[in-house]
Amino acid sequence: MRPVTVGTKGVDAYARLVGEEKIDEIRRLAEPLRGARVLHVNATAYGGGVAEILSNLVPLMNDVGLEALWYVLDARDPTFFDVTKRIHNALQGMPLDLSDQMRELFLETDRANAAQLPDVDFVIAHDPQAIALRHFASASEASWAWRCHIDLTDAYTPVWSFLRPYVEAHDAAIFTMPQFAQPDLTLDRIVFSAPSIDPFTEKNGPLAADEARAIVAAFRLDPARPLLVQVSRFDPWKDPNGVIDVYRRVKAEIPEVQLALIGSLADDDPEGKDFLARSIAHAAGDPDVRCLTDLDGVRDREVNAFQRSATVVIQKSLREGFGLVVAEALWKGIPVVGGAVGGIPLQIVDGETGYLVRTVEECAERCLRLLRDADLRSRMGAAGHERVRGEFLITRDLRDHLRLFSDLRAAKGAVGGTRARVG
Ligand code: UDP
């Protein structure tokens, strides 16, 4: 396992956005947990929603008096990530014949990582990649939670059946919403807590409109013309090619429209390059379509600029865990047209903060409606900002973790008594 270095943050700064009471509640919950050691483990330090959350949550946990660590799994055999991506896809419903060799590689990586676990009180293992750590850390007296960021509603049964006992080795499981949990999961503590965004990061913090437009213009898009934006890994579940089809329908009615598909190539997503190439091919050289990644210099500030400069943000996912990008756009006051899947309907109240869609045609129709009506855009954008402020800021995520740690500790006895070397 490799430690990830994080910055520092102060929770008090959030009071002006969420109110003093919410910060007081966090401080109250954190006080009895002072000094508790918390370890988050996931697959990658960069790219995707989990890395985004941990880079914000871990510093805030430290600020309120916990000793929080973030480790990423070390995969000596890089095909581990091919296997875990396929498992991820299977958990979203894609059939998969998980061979003995794949199972072995998967489990062996978690076994080797479990042997390196540090001495902590609480471990949060994120997503399927880290699912078997708890099983292999058999001597651990820490309290363990598995946080699942995936919608398991349509999970491919044979793969879920293989994974379920590893989940059940934990003290708790955290799902984004009740619908995501499989009904056959038996665990004393199943909690629901949605992901969150940090309003003070380079990605979500204030950025002057002029500056945002200049950044977008540097990527050869015209900030004076309407712009559709989707920010997502290049992945079939995010349907980037469907977004290009939406754009074409919109373009037939509003010829000046442009499209930016922004997608980072995450370390744990080996399919990304291939799907990027497919989207570039699907765009067929259209000069008003840009497919851009971190390799083109699109980092947090640029994502911020694209989201702010969008006339409409699209998130046309076919399956989705939560879709942090929806919250990011809504926070910036931009209405989002999103697939009615996973955690997107938690964020998009249809007709209030954006529109929920199921097809290319519907998506194009809703985008056209928004592109033609600036008042509607600003009404929905303002409602979206408020929804994120109330439900999806990082302080709520922090509070939920603190509550869980208190519950787990109460179930187990005092923290001093639970600390033990694990692995
Ligand atoms: N992201 C980014 N650059 C990109 C594409 C995505 O920084 O080019 C970020 C995005 O802003 C969000 C996260 O990666 O914070 C994606 O999280 P989400 O929950 O939407 O999807 P996931 O990739 O976890 O399925």
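Each remark here, short or long, concerns the structure printed above.
An account of the accompanying structure is given in this report. (Residues numbered from 1 in each chain as written. Predicted model: local features only at pLDDT ≥ 70, side-chain atom pairs only at ≥ 80, totals over all residues. Heavy atoms only, no water.)

1. Observations regarding the overall build of the protein chain
What counts here: The numbering of helices and of strands both runs from the N terminus, where a helix is a DSSP run of H or I of at least 4 residues and a strand a run of E of at least 2. For the radius of gyration, the atom set is restricted to C-alpha positions; the globular benchmark scales as 2.2 Å times the number of residues to the power 0.38. Each residue's exposure class comes from its accessible area (1.4 Å probe, protein chains only) as a fraction of the maximum for that residue type: buried when under 20%, exposed when over 50%, partly exposed otherwise. We call two residues in contact when some of their heavy atoms are within 4.5 Å. For the purpose of counting charges, residues Lys and Arg are taken to be positive, whereas Asp and Glu are taken to be negative. His and the chain ends are not included. By convention, the charge on Lys lies at NZ, on Arg at CZ, on Asp at CG and on Glu at CD.
For the protein chain, the helix and strand inventory stands at 17 helices and 13 strands. In terms of overall size, the protein chain behaves like a compact globule, its C-alpha atoms giving a radius of gyration of 21 Å where 423 residues would be expected to give roughly 22 Å. Based on the C-alpha atoms only, the size of the protein chain along its principal axes is roughly 65 × 55 × 35 Å. Per-residue burial for the protein chain yields a buried fraction of 60% across its 423 residues. Taking the intrachain contacts of the protein chain between residues at least 6 apart in sequence as the baseline, contacts between residues at least 24 apart amount to 73%. Once the 50 positive and 62 negative side-chain charges of the protein chain are each reduced to a mean point, those two points are 2 Å apart.

2. Focus on the pattern of salt bridges
Which entries qualify depends on this criterion: Salt bridges are defined by distance alone: a side-chain nitrogen of Lys or Arg within 4 Å of a carboxyl oxygen of Asp or Glu.
One pass over the full model with this rule turns up 34 salt bridges. Across the pair R27 and D63 runs a salt bridge, and its minimum N-O distance is 3.7 Å. Separated by 36 residues along the polypeptide, R27 in helix α2 (residues 20-30) and D63 in helix α3 (residues 49-63) bring together distant segments of the chain. Residue R27 is classed as partly exposed on the basis of its relative accessible area, which comes to 31%. When the shortest N-O distance is used, the salt bridge between D154 and R319 registers 3.5 Å. Within this pair, whereas D154 is found in the loop between β5 (143-148) and α7 (157-168), its partner R319 is found in the loop between β11 (312-315) and α12 (324-331), the two being separated by 165 residues in sequence. Here the residues in one salt-bridge network are R147, R396, D397, R399 and D400, joined through shared partners.

3. Notes on empty space enclosed by the protein
The criterion, for reference: As defined here, a cavity is a set of points on a 1 Å grid over the protein atoms alone where a 1.4 Å probe fits but cannot get out. A pocket is an open set with protein on both sides within 12 Å along at least five of seven lines, and residues line them when an atom is within 4 Å of a point. Grid points are joined across faces, edges and corners, and a volume is the space filled by probe spheres set on the points. Side-chain classes are defined by residue name, with Ala, Val, Leu, Ile, Met, Phe, Trp, Tyr, Cys and Pro counting as nonpolar, Asp, Glu, Lys and Arg as charged, and the others, Gly among them, as polar.
Applying the stated rule across the entire model yields 1 cavity of 30 Å³ or more. Of the pockets and cavities examined, the largest cavity occupies roughly 40 Å³. Q230, S232, R233, F234, K238, P240, L261 and I262 together form the lining of the largest cavity. Taken together, the residues of the lining of the largest cavity sort by class into 4 nonpolar, 2 polar and 2 charged.

4. Concerning the side chain of N204
Note the threshold: Here a polar contact means two N or O atoms within 3.5 Å. Within protein one must be a hydrogen donor candidate and the other an acceptor candidate, and residues neighboring in sequence count only if both atoms are side-chain atoms.
Along the chain, the position of N204 falls in the loop between β7 (189-192) and α8 (209-218). At a separation of 3.0 Å, a polar atom in the side chain of N204 contacts the main-chain carbonyl oxygen of D198. Ignoring anything within four residues of it in the chain, the contact list for N204 reads I197, D198, P199, N304, R308, E328, W331 and K332.

5. Thoughts on the packing of aromatic side chains
Under the convention used in this document: In this analysis, rings of Phe, Tyr and Trp, with Trp reduced to its six-membered ring, are considered paired at centre separations within 6.5 Å, and the interplanar angle assigns stacked below 30 degrees, edge-to-face beyond 60, and tilted for intermediate values. Think of it as a cone above the ring: NZ of Lys or CZ of Arg counts as a charge over the ring if it is within 6 Å of the ring centre and within 35 degrees of the ring normal.
The full count for this structure, using the stated rule, is 9 aromatic pairs. Measuring from ring centre to ring centre gives 6.1 Å for F80 and F106, while their planes differ by 10°; the resulting arrangement is stacked. Residue F80 is found in helix α4 (residues 79-91), and its partner F106 is found in helix α5 (residues 100-114); the two are separated by 26 residues along the sequence. By the burial criterion, F80 is buried, and F106 matches it. Chaining the aromatic ring pairs together yields one cluster made of F80, F81, F106, F162 and Y166. The lysine or arginine in question, R103, covers the ring of F162, its NZ or CZ lying 4.7 Å from the ring centre.

6. Comments concerning the site of the ligand
To keep things clear, this is the line we draw: The rule for a residue being near a molecule or strand is that one of its heavy atoms must lie within 4 Å of it.
Around the ligand, 16 residues are found, and the nearest of them are G49, R233, K238, S264 and E328. Residue S264 places a main-chain N or O atom 2.7 Å away from an oxygen atom belonging to the ligand. In this structure, an oxygen atom belonging to the ligand sits 2.9 Å away from a main-chain N or O atom of L324. For the shell around the ligand, the elements supplying multiple residues, two or more each, are α3 and α12. With 3 residues, α12 is the single largest residue contributor to the shell around the ligand. Looking at side-chain class alone, the shell around the ligand contains 5 nonpolar, 5 polar and 6 charged residues.

7. Notes on the nonpolar core
What counts is decided by this rule: Residues belong to one nonpolar core when they are buried, are Ala, Val, Leu, Ile, Met, Phe, Trp, Tyr or Cys, and are joined through side-chain atoms within 4.5 Å.
Core analysis: the largest hydrophobic core is formed by 74 residues, its most contacted members being V229, I262, F306 and L398. The element best represented in this core is α3, accounting for 8 residues. Formed by 50 residues, the second largest nonpolar core is a distinct cluster that contains A114, V159, F180 and L187.

8. Looking at the environment of M1
Examined against the element boundaries, M1 turns out to sit in the segment before β1 (2-3). M1 sits 109 residues away from D110 along the chain, and the two C-alpha atoms are 9.7 Å apart. Once residues within four sequence positions are removed from consideration, M1 is found in contact with V41, Y71, V72, D74, N113, Q116, L117 and P118.

9. Remarks on unusual backbone geometry
For D127, which is not glycine, the phi torsion reads 65° and is therefore positive. Take D127: it is sitting in the loop between β4 (122-126) and α6 (133-136).

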